[in-house]
Amino acid sequence: MVRRREEALPGQRPERRLTSIEGGRGVGQEAAQEDPGQGTPREQARMWHVVLSVAGAATPLPELRTALEKLAHDHSFFLTARYAADHAEVRYWEEARDLHDAAAIALRLWGEHKASAKLPAWEIVGLEVVDRPTYHKRVAEGFGDPPPQLGGVHPY
């Protein structure tokens, strides 16, 4: 079994993580709660900042804007979307147990809402998922700032 120390953020001590076990977590890295009725520990969900980039064939801008506004209405924690005729970027918060779950949900988002929001048949060309502390640290350091127009659906 391999053990290694994770880099610590300022003011925190590094935690150990079992890297030989898929999804191994360090002590204190994830809080556990008891699952009601089961009596077994259950991990708490955390918030993850997601940037999903999609692209494809040119789509009329009014149709695209309407589709992205419908997606914003349907999806909880939606922050903002930027778009052009052949690509778009959607930023939002996702609640998930870990990075793997948050990324899996994000990768399904476009396809699952394609019919209901009338989104174009575009492919996902980029995905970034970071936890809340990392997102806030980036913003505090002047990197990874949110787009100038926070909230809503806006053209590039």
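Quick note: structure is the one above.
Rules used in this analysis
- Residues numbered from 1 in each chain as written.
- Predicted model: local features only at pLDDT ≥ 70, side-chain atom pairs only at ≥ 80, totals over all residues.
- Heavy atoms only, no water.
- Helix = DSSP H or I, 4+ residues; strand = E, 2+ residues; numbered from the N terminus.
- Buried < 20%, exposed > 50% of the residue type's maximum accessible area, 1.4 Å probe, protein only.
- Areas by Shrake-Rupley, 256 points an atom, 1.4 Å probe, with all protein chains shown as cover.
- Phe/Tyr/Trp six-rings, centres within 6.5 Å; stacked < 30°, edge-to-face > 60°.

Some points on the overall build of the protein chain
So, point 1. Scanning the protein chain for helices and strands turns up three helices and nine strands.
So, point 2. Starting at the N terminus, the α and β elements of the protein chain follow one another as β-β-β-β-β-α-β-β-α-β-α-β.
So, point 3. Each of the 156 residues in the protein chain was classed as buried or not, and the buried ones make up 30%.
So, point 4. In the structure as shown, the protein chain presents an accessible area of about 9700 Å², 52% of it carried by carbon and sulfur atoms.

A few points about the packing of aromatic side chains
So, point 1. Following the criterion strictly, the structure yields two aromatic pairs and no others.
So, point 2. Relative to Tyr 135, the ring of Trp 93 has its centre 5.1 Å away and its plane inclined at 85°; by these criteria the two rings are edge-to-face. Residue Trp 93 is located in strand β7 (residues 87–96), and its partner Tyr 135 is located in helix α3 (residues 132–140); the two are separated by 42 residues in the primary sequence. Across the pair, exposure class does not vary: Trp 93 and Tyr 135 are buried alike.
So, point 3. With 6.2 Å between their ring centres and 5° between their planes, Trp 110 and Trp 122 make a pair best called stacked. Residue Trp 110 is located in helix α2 (residues 99–117), and its partner Trp 122 is located in the loop between α2 and β8 (123–131); the two are separated by 12 residues in the primary sequence. An identical accessibility class is assigned to Trp 110 and Trp 122; each is buried.

Don't take any of this as a statement about function, it's just geometry.
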